[in-house]
Amino acid sequence: MKVDFGNKVVGGFNYEFIRCVSTLPVGSAEFGECMETMERIKDNDFDSWISEWGATAEYVESYARSQLKSGDSIAARKAFMRASNYYRTACFYAHHTDPRHRGYWGKSVDAFHNMIELSQRPIEKVEIEYEGAALSGYYMPSGLDNRPVLIAIGGFDSTKEEVYCWIGAIAREYGWNCLIFEGPGQWSALMDNPGLIFRPDYEKPVGAALDYLMGRSDIDNEKIAIIGYSMGGYLCMRGALDPRIKACIPNTLVVDCGAAAREGMKWLLKSDAIMDKALGAIMKRNTAARWGFNHSSWVLGISTASEWVKAYEKYTLIGHEEQLKGKPMLFMFSEDDIQSSAAASKRVVNGLLDYIDSLECPRYVRLFTKQEGASSHCQMGGMSYAQASIFAWLEHALCGAKIEGRDASSPALFVELFKKYGGGEGEAKAKALLSEIKFV
C-alpha cells in the first residue's frame, strides 16, 4: 500500500505505520525496513499486515542473532530493539483468539529482553504486587541519588516496550528515574492474568506501583510525577488521585470515556440490535473500527457493540476534582488530534475546556503543531518535541527550574482549534481559559 502521511486516523494503517517509525530516534526502527514492509501490505487487509510485519521482525531478529554470534553486540542490541518494535506492530491487528496475537507479542517482549541484556545502561525488569496478580514493568535508574521519578503508562493498546521508546529511553538523559508498567487491561497484565481487564479506578494499580517505588532508595519520594499516553491520559489522571503523585501529564486529556463513547455512536443508540448490526457493516470497510472493536473485546471483556458503549460508563474524572487540588498539570494537545480524541463531538470537545476550567491547580498547556511534525495523536512523528517539553515542565513543576514560554502564536492557535471543533461556545471557553493557563 502507499503511505498517506496526511491520514492520521488512529487505528488506521497509515497512523500505525507512523507510530512504528516514530521510534526511529531511539533505535527502534529503520525507515527503509519500514517502507519496504509497507510496500508489501494490502490496504485494509489485517492478515497482510500481520504477515508482512511478522516477516520483517523475524528477519531483523535473525540478523541480530547473527551479529551477536559474530561478536558485534552493538549491532545485535540495535537489531533486537527494532525486532521488538516490529513484532509489536505485527500483532497489533491480530485478534486475541489468533495464535499470532500471543506469539508475536511474546517475541516482542523476548527481543526487548535480549536488548536489555546488551544494553550499555541498566534497565531493570520489575514485578509489582497487585491484588493477587503481578504487574510487569521496567525501571530505568538515572544513576543519581535522590532524584525525581516519572511513572509512565500507556493507554488502550500500547505496550510497556513501546512506552520505553516514547519516554523511558530518554528520561535518564534528563536525570530522571522512570518506571513503566502495565496495569489491568494492558498487554502483559492480560496475558499473564486472563480476565484482568481495564477498570475505571486506575488509582488502584497506580497505587500498587507507588508502593513499589516507596521501597526504593534511589528516588525522591516527594517528587513523583505521572504521564499517560492516549487513553492513558484518563488512567494517569485517575492515578494522580493518589496524594503521593505530585504532578500529572495527560497526553491526551480524556475526561469522560462514557460520554465520548455515546457521542461517537449516538446515531446507533436507538437499540442494541441496530447498533450491533450497523457496527458489523461498518467494520467490514473501516480498518480503525474493526481493530477498535476486536481489541476492545479483549481488553474490556465485551462481545457486542452495545456492550462496548456500556463498558465505559464508569470511566470518568468528573467528581474527583477536589483530590487533584493544587497538583500541577500539563495538558498536551496535538493540532490534528483535538477532534478525534474527543469523538468528533462539539459537546465533548467543549467538555475538555470545562474540565480544565474546573480544576484548582497550576495548569499548563503544550500545543504541538503541524510545523513541528508533531500534530498527530500523542505527537507521533515528532516525539522529540514532546520529550523536551515534558522534562522542561517537570523540572519547573517539581524542581523549581525556570521554564521558557511558547511563542505568542500558541494562545491564538489554541482558540482557533477549539473554535473549529467546538464552535462559538468552544471559542468563548478557550478565550476565557487564556487568563488561567500558561503555555509552555
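As the structure is a prediction and not an experimental result, all values here were calculated from the model.

Looking at empty space enclosed by the protein
Line of reasoning, step 1. One pass over the full model with this rule turns up three cavities of 30 Å³ or more.
Line of reasoning, step 2. Looking at the largest cavity, its volume works out to about 100 Å³.
Line of reasoning, step 3. Lining the largest cavity we find 13 residues, and of these Arg19, Asp157, Trp166, Ser230 and His377 sit closest to its centre.
Line of reasoning, step 4. Lining the second largest cavity we find Phe46, Phe92, Tyr93, Ala94, His95, His96, His101, Trp291, Asn294, His295 and Trp298.
Line of reasoning, step 5. For the lining of the second largest cavity, the element with the most residues is helix H12 (residues 287–299), which contributes four residues.

Brief notes about the packing of aromatic side chains
Line of reasoning, step 1. The final tally for this structure, using the stated rule, is 27 aromatic pairs.
Line of reasoning, step 2. With 5.0 Å between their ring centres and 50 degrees between their planes, Trp166 and Tyr229 make a pair best called tilted. Taken together, the residues span a long stretch of sequence, with Trp166 in helix H6 (residues 160–171) and Tyr229 in strand E5 (residues 219–229) at a distance of 63 residues.
Line of reasoning, step 3. Taking relative accessible area as the criterion, Trp166 reaches 4% and is therefore assigned buried.
Line of reasoning, step 4. Linked through ring pairs, Phe13, Phe46, Trp49, Trp53, Tyr86, Phe92, Tyr93, Phe156 and Trp291 together constitute an aromatic cluster.

Description of unusual backbone geometry
Line of reasoning, step 1. With an omega of 15 degrees, the peptide bond between Asn251 and Thr252 qualifies as cis.
Line of reasoning, step 2. As for its placement among the helices and strands, Thr252 is situated in the loop between strand E6 (247–251) and helix H10 (257–264).
Line of reasoning, step 3. Its identity is not glycine, yet Asn44 carries a phi of approximately 65 degrees, on the positive side.
Line of reasoning, step 4. Note on placement: Asn44 falls in the loop between helix H2 (31–39) and helix H3 (46–70).
Line of reasoning, step 5. Given the relative accessible area of 24%, Asn44 is considered partly exposed.

Comments concerning the side chain of Asp242
Line of reasoning, step 1. As for its position among the elements, Asp242 is in the loop between helix H9 (232–239) and E6.
Line of reasoning, step 2. Overall, the relative accessible area of 13% leaves Asp242 in the buried class.
Line of reasoning, step 3. Looking at Asp242, its side chain comes within polar contact range of the main-chain nitrogen of Arg244, at 2.9 Å.
Line of reasoning, step 4. When sequence neighbours within four positions are dropped, the list of residues in contact with Asp242 reads Gly207, Leu210 and Lys327.

Some points on the nonpolar core
Line of reasoning, step 1. Counting 156 residues, the largest nonpolar core has Trp53, Tyr164, Met237, Phe333 and Phe414 as the members making the most contacts within it.
Line of reasoning, step 2. Sort the elements by how many residues they give to this core and helix H4 (residues 73–91) lands first, with nine residues.

What about the packing of helix H1 (residues 13–21) against H2?
Line of reasoning, step 1. The interhelical angle for the contact between H1 and H2, taken along N-to-C directions, is 160 degrees, at an axis separation of 10 Å. The angle between the axes of H1 and H2 places the two elements in the roughly antiparallel class. When the axes of H1 and H2 are compared, the crossing they make is right-handed. Contacts between H1 and H2 pair Phe13, Phe17, Cys20 and Val21 from the former with Phe31, Cys34, Met35 and Met38 from the latter.
Line of reasoning, step 2. Tallied by class, residues from the contact of H1 with H2 come to eight nonpolar, no polar and no charged.

Thoughts on helix H15 (residues 346–358)
Turn by turn, an α-helix covers 3.6 residues, leaving residues three or four places apart pointing in a common direction.
Line of reasoning, step 1. The first and last C-alpha atoms of H15 sit 18 Å apart over 13 residues, in line with the 18 Å expected at 1.5 Å per residue.
Line of reasoning, step 2. Regarding H15, the residues found buried are Val348, Val349, Asn350, Leu352, Leu353, Tyr355 and Ile356.

Focus: a nonpolar patch on the surface
Line of reasoning, step 1. A grouping of Phe5, Leu24 and Phe31 is seen on the molecular surface, where their side chains present a nonpolar patch of about 280 Å² in accessible area.
Line of reasoning, step 2. Take Leu24: its relative accessible area is 36%, and that puts it in the partly exposed class.

Notes on the packing of H3 against helix H5 (residues 99–118)
Line of reasoning, step 1. For the pair H3 and H5, the least separation of the axes is 12 Å and the interaxial angle reads 25 degrees. On the basis of the axis angle, H3 is roughly parallel to H5. As for the relative orientation of H3 and H5, their crossing is left-handed in sense. Contacts between H3 and H5 involve Asp47, Ile50, Ser51, Gly54, Glu58, Arg65 and Leu68 from the first element and Arg100, Tyr104, Lys107, Asn114 and Leu118 from the second.
Line of reasoning, step 2. Among the residues forming the contact of H3 with H5, the class breakdown is four nonpolar, three polar and five charged.

Let's talk about the pattern of salt bridges
Line of reasoning, step 1. With the rule as written, the count across this model stands at 30 salt bridges.
Line of reasoning, step 2. A salt bridge links Glu203 to Arg238, with the shortest nitrogen-to-oxygen separation between them at 2.9 Å. With Glu203 in helix H8 (residues 203–214) and Arg238 in helix H9, the pair connects residues that are 35 residues apart, well separated along the chain. Arg238 carries the same exposure label as Glu203, and that label is buried.
Line of reasoning, step 3. One connected set of salt bridges, linked through shared partners, spans Glu16, Arg19, Arg88, Asp157 and Glu162.

Cut-offs applied
- Residues numbered from 1 in each chain as written.
- Predicted model: local features only at pLDDT ≥ 70, side-chain atom pairs only at ≥ 80, totals over all residues.
- Heavy atoms only, no water.
- 1 Å grid on protein atoms, 1.4 Å probe; cavity = no way out; pocket = protein on both sides within 12 Å on 5 of 7 lines; lining within 4 Å.
- Points joined across faces, edges and corners; volume = space filled by probe spheres on them.
- Helix = DSSP H or I, 4+ residues; strand = E, 2+ residues; numbered from the N terminus.
- Phe/Tyr/Trp six-rings, centres within 6.5 Å; stacked < 30°, edge-to-face > 60°.
- Buried < 20%, exposed > 50% of the residue type's maximum accessible area, 1.4 Å probe, protein only.
- Polar contact = N/O pair within 3.5 Å; in protein donor to acceptor, adjacent residues only side chain to side chain.
- Contact = heavy atoms within 4.5 Å.
- Core = buried A, V, L, I, M, F, W, Y, C linked by side-chain atoms within 4.5 Å.
- Axes fitted to C-alpha atoms, helices over the stretch in contact; angles between N-to-C directions.
- Parallel < 35°, antiparallel > 145°, perpendicular 65-115°, else oblique.
- Left-handed = near helix turned anticlockwise from the far one by under 90°.
- Nonpolar A, V, L, I, M, F, W, Y, C, P; charged D, E, K, R; others polar.
- Expected span 1.5 Å × (residues − 1).
- Patch = residues over 30% accessible without salt bridge, like charges linked within 9 Å, V, L, I, M, F, W, Y side chains within 5 Å.
- Areas by Shrake-Rupley, 256 points an atom, 1.4 Å probe, with all protein chains shown as cover.
- Salt bridge = Lys/Arg side-chain N within 4 Å of Asp/Glu carboxyl O.

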